[in-house]
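A closer look at the structure
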Amino acid sequence: MVASAKSRRAAALGGISLAVVLLVALLDGLVRPGGHDVGKALVGEARDGGVTLDLPGAVADVPVSEARVPGRPIVVIDPGHGGHDPGATAVSGAAQEKALTLAMATELRDLLVSRGRVRVAMTRRDDRYIPLEQRADIARRLGAGLFVSLHMDHAPNPLARGVTVYSLADVASDADAARFANAENRMALPASSEPDGSVRALLSDLALRAEMEDGAAFAQRIVRKAAGPVLLRPRPHQFAAFHVLRRADTPAVLVEAGYISNVDDEAALVTVRGRAPLVLALAQAIEADLATRR
């Protein structure tokens, strides 16, 4: 019964996806009554040759680590903050969030590359500031299958500890999640408040709802993989309207790897050994999620 329900859902989603592709093609002028532009491919048309992408400078220099098998999906790892935006400062004052997220992201990339099951890209590989929109744009232009943004939390309560995994939702799961999303979104470009009832907007909303569902499922998978070896918050999966997750155009999560305002969490997060259990859980969840959806 479960398999049958999944099959029906998959078939329905497949039909919706095909309709979305055809409608977007019509809107873009790729499919025209009575003929087509020889410079553009029809939906479903096979053509020889390569693909050339017009990428801006900030995206063009993003290297993609290949998998053992060509054509594997890409996960984009986003180390939070960077450059003039240091993020939170550890309770000891000896470490900043931007450096710790970069270290963890690099360890996660290296582990995924060594396992060779997926392709991997990072939004930044050094201490530079990248706007939220540009981080999401990297995921969009690379056609990422997953987007994982890494952060480390800070709270007034020095006893607060544990990992939280956020997925995208229009309504936050609680007031704390809403405040955190608002703080992270402060550097985002303002979105238009103009209503848009076009077919393209409706299709975009439909795709976003599917990404929200897949992102929530991915967050739950991370929680399952991490449970046990990793200390989790009492409610480890939370929801909020993060700009960078909304704009990535792919299932996406934001991982708070712990509280650097807590002495014990900081002690773990500043060492490779302390970060390793969460890095492994993230790698396993990424590989499993991409393999399942592939």
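Keep in mind it's a predicted model, so treat the numbers as computed, not measured. (Residues numbered from 1 in each chain as written. Predicted model: local features only at pLDDT ≥ 70, side-chain atom pairs only at ≥ 80, totals over all residues. Heavy atoms only, no water.)

1. Description of the confidence of the model for the protein
Our working rule: In predicted models, pLDDT denotes the confidence assigned by the predictor to each residue on a 0 to 100 scale. Here, two residues are considered to be in contact whenever any of their heavy atoms come within 4.5 Å of each other.
Per-residue confidence for the protein gives a mean pLDDT of 81, with 72% of residues at or over 70. Under a pLDDT of 50 for its full length, residues 1-13 has, in the predicted model, one contact with residues more than four places off or in other chains. Residue range residues 190-195 is modelled with pLDDT below 50. Its contacts to residues more than four positions away, or to other chains, number zero contacts.

2. With respect to the pattern of salt bridges
Test applied: The salt bridge definition used is simple: a Lys or Arg side-chain nitrogen within 4 Å of an Asp or Glu carboxyl oxygen. Exposure categories follow from relative accessible area, calculated using a 1.4 Å probe and restricted to protein chains: below 20% of the type maximum is buried, above 50% is exposed, and the middle band is partly exposed. Going along the chain from the N terminus, every DSSP run of H or I of four or more residues is numbered as a helix, and every run of E of two or more is numbered as a strand.
According to the stated counting rule, one finds 16 salt bridges in the structure shown. Close ionic contact of R128 with D126 constitutes a salt bridge, the shortest N to O distance being 2.7 Å. Of the residues examined, D126 reaches a relative accessible area of 32% and is grouped as partly exposed. Taking the shortest distance from any N to any O, the salt bridge between R209 and D170 comes out at 2.6 Å. Taken together, the residues R209 in helix α6 (residues 199-226) and D170 in the loop between β4 (163-168) and α5 (175-184) connect sequence positions 39 residues apart. The partly exposed category is assigned to R209, whose relative accessible area is 34%. When salt bridges that share partners are traced, they join E133, D137, R140, R141 and R247 into one network.

3. Quick look at unusual backbone geometry
Where the residue is not glycine, phi is negative for most of them; where a peptide bond is considered, it is trans in most cases. Backbone geometry places H81, a non-glycine residue, at a positive phi of 65 degrees. Within the secondary structure, H81 is located in the loop between β1 (74-79) and α3 (97-115). Relative accessible area serves as the criterion here: at 7%, H81 is assigned to the buried category.

4. Some words on the environment of R221
One can find R221 in helix α6. For R221, a relative accessible area of 18% translates into the label buried. Apart from the residues lying within four places of it in its own chain, the contact partners of R221 are A285, A288, D289 and T292.

5. Focus on the packing of aromatic side chains
This is how it is decided: When the centres of two rings from Phe, Tyr and Trp lie within 6.5 Å, Trp using its six-membered ring, the rings pair. Their planes under 30 degrees apart give stacked, over 60 give edge-to-face, and anything left gives tilted.
Taken as a whole, this structure holds one aromatic pair when the rule is applied. Centroid distance Y166 to F242: 5.3 Å. Interplanar angle 70 degrees. Geometry classified as edge-to-face. In this pair, Y166 is assigned in strand β4 and F242 in the loop between β5 (232-240) and α7 (243-246), connecting sequence segments 76 residues apart. Neither residue differs from the other here; Y166 and F242 are each classed as buried.

6. Regarding empty space enclosed by the protein
Using the following cut-off: Within this scheme a cavity is a closed region of a 1 Å grid, computed over the protein atoms alone, that accommodates a 1.4 Å probe without allowing it to escape, whereas a pocket is open but has protein on both sides within 12 Å along at least five of seven lines; lining residues each have an atom within 4 Å of a point. Grid points are joined across faces, edges and corners, and a volume is the space filled by probe spheres set on the points. Side-chain classes are defined by residue name, with Ala, Val, Leu, Ile, Met, Phe, Trp, Tyr, Cys and Pro counting as nonpolar, Asp, Glu, Lys and Arg as charged, and the others, Gly among them, as polar.
Throughout the structure, instances matching the rule amount to two cavities of 30 Å³ or more. Looking at the largest cavity, it is lined by 18 residues, and the ones nearest its centre are H81, L132, R135, H151 and E184. Taken together, the elements giving at least two residues each to the lining of the largest cavity come down to α4 (132-142) and β3 (146-153). Residues of the lining of the largest cavity, tallied by class, amount to eight nonpolar, five polar and five charged. Space inside the second largest cavity adds up to approximately 50 Å³. Considering the residues around the second largest cavity, the lining is formed by S167, L168, E211, M212, G215, A216, L245, T250, P251 and A252. Secondary structure elements with two or more residues in the lining of the second largest cavity: β4 and α6. A total of four residues in the lining of the second largest cavity trace back to one element, the largest contributor, which is α6.

7. A few points about the pairing of β1
Defined as follows: Any two strands between which DSSP finds at least two bridges are classified as paired. By convention, a crossover is right-handed whenever its connection, traced from the first strand over the helix to the second and viewed with the strands pointing away, goes clockwise.
The buried fraction of β1 amounts to six of the six residues, a majority that puts the element mostly inside the structure. Residues of β1 alternate between two faces, with I74, V76 and D78 on one and V75, I77 and P79 on the opposite face, all of them buried. Alignment of β1 against strand β2 (residues 119-122), held across four bridges, turns out to be parallel. The residue bridging V75 from the neighbouring strand is V120, located in β2. Running through α3, the crossover from β1 to the neighbouring parallel element β2 is right-handed. Sheet topology note: the β1/β3 ladder contains five bridges and is parallel. Bridge pairing in β3 links P79 to L150.

8. Comments concerning the sheet that holds β1
We apply this condition: Each axis is a line fitted through C-alpha atoms, and for a helix only the stretch in contact is used; angles between axes span 0 to 180 degrees, taken between their N-to-C directions.
Strand order in the open sheet formed by six strands is β2-β1-β3-β6-β4-β5, and the pairing between neighbours is mixed. Of all the strands in the sheet, the pair left with one neighbour each is β2 and β5. Strand-to-strand, the axes of this sheet are offset by a mean angle of 20 degrees, without reference to chain direction. Sheet topology note: the β4/strand β6 (residues 252-259) ladder contains four bridges and is antiparallel. Bridge pairing links Y166 to L254 in β6. Where α4 meets the sheet, its contacts fall on β1, β2 and β3, and the angle it forms with β1 comes to roughly 170 degrees. Sheet strands touched by helix α9 (residues 272-293): β1, β3, β4 and β6. Its angle to β3, the strand with the most contacts, is close to 160 degrees.

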